[in-house]
Amino acid sequence: MRKKKKQKKIEKKSGRTGLILTVVAVCIAVFVYWAAQKGSRSWEVPDYLVGRWITSAPAYEDRYIEINKVSLIFATGPTTVSEYFITSLTSIATGKEISFTLACKDLQNIPYQFFLNYQPDNNGGTLFFKNQPQIKWIKNPS
């Protein structure tokens, strides 16, 4: 008489396989998101825009605009300043003018868009808002 070999029953732990697959999928998704975000800042604020901009328009004589590599700042009085963090920048050159669209967010994470036009010249250029072309801003030399 032959002895019957005991066969081991293989118990599948279905919850464990699903958990492992979920963890792997999440890791892949995080990596893809990270890689996409890493290359998403392909824009940079041009050096000729960086600085403090002032105007001789009487209604704006105590105001200035300051642009740096990460933010757009509006000083609307001696003590009032609003800062918007630049999230993207696009530009289109047409003739002797460059149009910029700055997508920004304020401190409360509210999105804004600012449309600026820049006209280069030997003195640092002229800047104006698309909706206020009559108000010319020049770069403060100091």
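Residues numbered from 1 in each chain as written. Predicted model: local features only at pLDDT ≥ 70, side-chain atom pairs only at ≥ 80, totals over all residues. Heavy atoms only, no water.

K.L.:
Please explain the packing of aromatic side chains as it appears in this structure.
P.N.:
The description of two aromatic rings rests on the distance between their centres and on the angle between their planes. The full count for this structure, using the stated rule, is ten aromatic pairs. When the ring of Tyr 60 is compared with that of Trp 137, the centres are 6.0 Å apart and the planes differ by 70 degrees; the resulting orientation is edge-to-face. Pair noted here: Tyr 60 is in the loop between strand S1 (51–54) and strand S2 (64–67) and Trp 137 is in strand S8 (residues 132–139), with a separation of 77 residues, a long-range link. Between Phe 74 and Phe 114, the ring centres sit 5.3 Å apart and the planes meet at 50 degrees, which makes this aromatic pair tilted. With Phe 74 in strand S3 (residues 71–75) and Phe 114 in strand S6 (residues 111–119), the pair connects residues that are 40 residues apart, well separated along the chain. No difference in accessibility class separates Phe 74 from Phe 114, as the two residues are buried. Directly above the aromatic system of Tyr 64 lies the positively charged group of Arg 52, at a separation of 3.8 Å from the ring centroid. Positioned over the ring face of Phe 115 is Lys 130, at 6.0 Å from the centre of the ring. (Phe/Tyr/Trp six-rings, centres within 6.5 Å; stacked < 30°, edge-to-face > 60°. Helix = DSSP H or I, 4+ residues; strand = E, 2+ residues; numbered from the N terminus. Buried < 20%, exposed > 50% of the residue type's maximum accessible area, 1.4 Å probe, protein only. Lys NZ or Arg CZ within 6 Å of the ring centre and 35° of its normal.)

Keep in mind these numbers describe shape, not what the thing actually does.
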